[in-house]
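Below are the chains, spelled out letter by letter.
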Amino acid sequence: MTAYVRSTALLTMRSLRALPRVPERLLDVTVQPIIFIVLFLYVFGAAIHVPGISYEDYMIPGIIGQSLAFGVIGAGVATSNDMNEGVIDRFRSMPISRLSVISAQVMGQFCEQILGMAIVIVLGLILGWTPHLTLVHGIELAGLIALGMFAFTWAGVLFGMMVRSPDAMQGVGFIVVFPLSFMAGTFVPISNMDAVPRAIAHWDPISALVASVRNLTQGTHAAGSWQLTHPELAMVIWCLILVGICLPLALRRFNRKLAM
Amino acid sequence: MQTMNESFAIEASGLIKRFGSFTAVDSLDLRVETGSVVSLLGPNGAGKTTTVRMLATLLRPDGGSARVAGFDVVSEAAQVRRVISLTGQFAALDPHLTARENLVLMGQLRGLHRRAARTTAEQLIARFDALEFAGRLVKTLSGGERRRIDLAAGLIERPQLLVLDEPTTGLDPRSRQVVWSTIRELVADGVTLLLTTQYLEEADALADRVVLIDHGREIAAGTPAELKATVGAQRIDVVAANAAAFGSLQLVLSERFEVTSVPERRTLSIPAPDESADLARVSAAIADSDVAVDEVALRRPTLDDAFIALTGRPAEPESDPELEEAAA
């Protein structure tokens, strides 16, 4: 067990150390959310009116939920990149736990996403977002965000090992995660959507992320489906399902992985 | 289970690995005595890398069994990983760390404390004559420099079995010499070595025993001298001046002699049991035919001749070194 913790820590440090040497890998968690915030606040925001709440207060929680979901793409692309490096083969042939190689992958991604989340929150606050948090809600929010990052990162690591190339991961992300993240009440209320996207949004897991953050920070209450009226519980369930499925599959995949 | 006194560092029997409908390794038997140097020699796609990856627990065999230092590669994979060190065809280093950082990391992962890992790294850097580039990021190193660090990384703890998969493929001749002399030093230290290569001269220069494989099967095995002896006595090589001359030369010579043809090199090879008398006869035949030749030479048989004699084709086709990897 201590050997596992030690090698995981060493391998996590390895990924973090490489980051300043390949800063372009951080673009997805740094520049991308900034562009979204600015675009939606100043380009679309003027045309969107959500009753009873300022658009800053409506949209920034949406961006936070969306960023959590985008963790799948980020972790997937990074994993796909890393798994193609010869050094992974060396790690696999060394007397260290294979779980630690993959845990380090998750930890490294986790740290990158904390950085991205910090950028979103700080920029949001600067641009006029006013969260109304009690201490209890603050702790609850931090816990939910950490759980969400953990779950979506594991999913990303699994997908990153399943796809053929980082480009393929990017493509899958764009086709699946991108539309789901827009339908999730992220930027406009679900209740005004057309029937089909509204039905999808009611059960879109990202809707639970967005609604949880918005509930806790702004005290709004979404409605329309069970998961929207109980978003925090729904979010926990979604995350546990993701981890329960993706963690064992990722590990199995890593042990069997044939490609160099 | 004994680990130090095993007489065989590798004992594999009936190893099989399939990728879809392609059989990469087909009932391969392989024995490597402790303390010896065995070379797996074969062309691209022969199954060398696949075999090595099964022995190093990176691939699971579809059939047969293999023991490394007495440990089963499937059921005792963790023990195998403790005694083996694999250096693959492509550098297994983190490109975004420096050479030194890589060595320290590998040492720490093998359980050394930071200080001990640093000391070991410095020793290896000195031993591999890598001081001048140890502080550079691995991605900026040349192929030869990277290969040396890669070899060093495999030697952080003295392994019971060192496996080198095509250690000099893609290197320039000078780097190849450096890698060879490093390998010779290791062998002098008594390391058991399994070496794969597609270069006959490499197997000839380094190995005690050579196993020729093709299409995932062993086609011959023995000392380099024994394999050369299977081809018989000395040979005469005739190199045609151009492709047209090669064609007519082949016609002329095959009428009178037993000719092996290597079109890639415009070379015809003829056994010469009577040595200089045969040379005179071949020279006379060439002179009669009036065909332009570049070279006529009497020489000792090489492993290449053995390969051609056994498979009917040369061992070193001018092909893409990535092929085997793609197949794997």
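Since we're looking at a predicted model, the values are computed, not measured.

Analysis parameters
Position labels on residues start from 1 in each chain and follow its written sequence. Starting at A for chains and at 1 for ligands, labels are handed out in the order in which the entities are written. Only residues with pLDDT of at least 70 are given local features in this predicted model, and only at 80 or more are side-chain atom pairs given and counted; all residues enter the totals for whole chains, interfaces and linings. Any residue pair is listed as a contact if its two C-beta atoms, each placed from the backbone, are within 7 Å. Secondary structure elements are taken from DSSP: a helix is a run of H or I of four residues or more, a strand is a run of E of two residues or more, and numbering for both begins at the N terminus. Residue classes follow a fixed rule: Ala, Val, Leu, Ile, Met, Phe, Trp, Tyr, Cys and Pro count as nonpolar, while Asp, Glu, Lys and Arg count as charged, and any other residue, Gly among them, counts as polar. Any two strands with at least two DSSP-identified bridges between them are counted as paired. An axis is simply a line fitted to the C-alpha atoms; with a helix, the fit covers only the stretch in contact. Between two such axes, the angle follows the N-to-C directions and lies from 0 to 180 degrees. Domain segmentation is taken from an automatic or database assignment of domains. For our purposes the nonpolar core covers buried Ala, Val, Leu, Ile, Met, Phe, Trp, Tyr and Cys residues that link as a set through C-beta atoms within 7 Å. Here the C-beta atoms are placed from the backbone, and a residue counts as buried if at least 20 other C-beta atoms lie within 10 Å of its own, exposed if 12 or fewer do, and partly exposed otherwise.

## Some thoughts on the interface of chain B and chain A
Then comes step 1: Listed per partner, the contact involves 24 residues of chain B and 19 residues of chain A.
Then comes step 2: Of all the elements in the fold, those that place two or more residues in the side of chain B that touches chain A are α2 (77-83) and α3 (99-109) of chain B.
Then comes step 3: Class assignment for the residues of the side of chain B that touches chain A results in 15 nonpolar, 4 polar and 5 charged.

## Points about the sheet that holds strand β3 (residues 37-41) of chain B
Remark on secondary structure: sheet strands pair via backbone hydrogen bonds, oriented parallel or antiparallel.
All names here are of chain B.
Then comes step 1: Judged by pairing direction, the sheet is mixed, and its 6 strands sit side by side in the order β6-β7-β8-β3-β9-β10 without closing on themselves. Edge positions in the sheet fall to β6 (84-87) and β10 (217-222), since each has one partner strand and no second. In this sheet, adjacent strand axes meet at a mean angle of 15 degrees when their direction is disregarded.
Then comes step 2: Both strand β9 (residues 209-214) and β10 contribute to a ladder of 5 bridges, which runs antiparallel. Opposite Val210, over in β10, you have Gly222 as the bridge partner.

## Thoughts on the domain arrangement of chain B
Then comes step 1: According to the domain assignment, chain B consists of domain 1 (8-228) and domain 2 (233-300).
Then comes step 2: Distance between the C-alpha centres of domain 1 of chain B and domain 2 of chain B: 39 Å.

## Some thoughts on the sheet that holds strand β4 (residues 63-68) of chain B
Residues and elements named next belong to chain B.
Then comes step 1: Read across the sheet, 4 strands follow the order β2-β1-β4-β5 without closing on themselves; strand pairing throughout is antiparallel. Both edges of this open sheet fall to β2 (22-33) and β5 (71-72), since each of them pairs with a single strand only.
Then comes step 2: Where strand β1 (residues 8-19) meets β4, 5 bridges bridge the pair, whose relative direction is antiparallel. Residue Ser13 lies in a different strand from β4, and its bridge partner there is Ser65.
Then comes step 3: In the packing of helix α1 (residues 48-55) onto the sheet, the strands contacted are β1, β2 and β4, and the crossing angle to β1 comes to about 120 degrees.

## Points about the pairing of β2 of chain B
On any regular strand, side chains alternate: one points to one face of the sheet, the next to the other face.
All names here are of chain B.
Then comes step 1: Examined bridge by bridge, β1 and β2 share 8 bridges and lie antiparallel to one another. Bridging across to β2, Ala12 finds its partner in Leu30.
Then comes step 2: Once β1 ends, the chain turns through 2 residues before running back antiparallel as β2, passing Gly20 with a positive phi of about 60 degrees.

## Thoughts on the nonpolar core
Across soluble globular proteins, you tend to see nonpolar side chains buried next to one another.
Then comes step 1: Counting residues in hydrophobic clusters, the biggest one holds 96 residues, and the most contacted among them are Val72, Trp154, Ala155 and Ala250 of chain A.
Then comes step 2: Tallying contributions element by element places helix α3 (residues 55-83) of chain A first for this core, with 14 residues.
Then comes step 3: Among residues more than four places away in sequence, those in contact with Ala155 of chain A are Val72, Leu242 and Cys246 of chain A.
Then comes step 4: If you look at the next biggest cluster of nonpolar residues, it comprises 51 residues, including Leu15, Leu28, Val163 and Leu171 of chain B.

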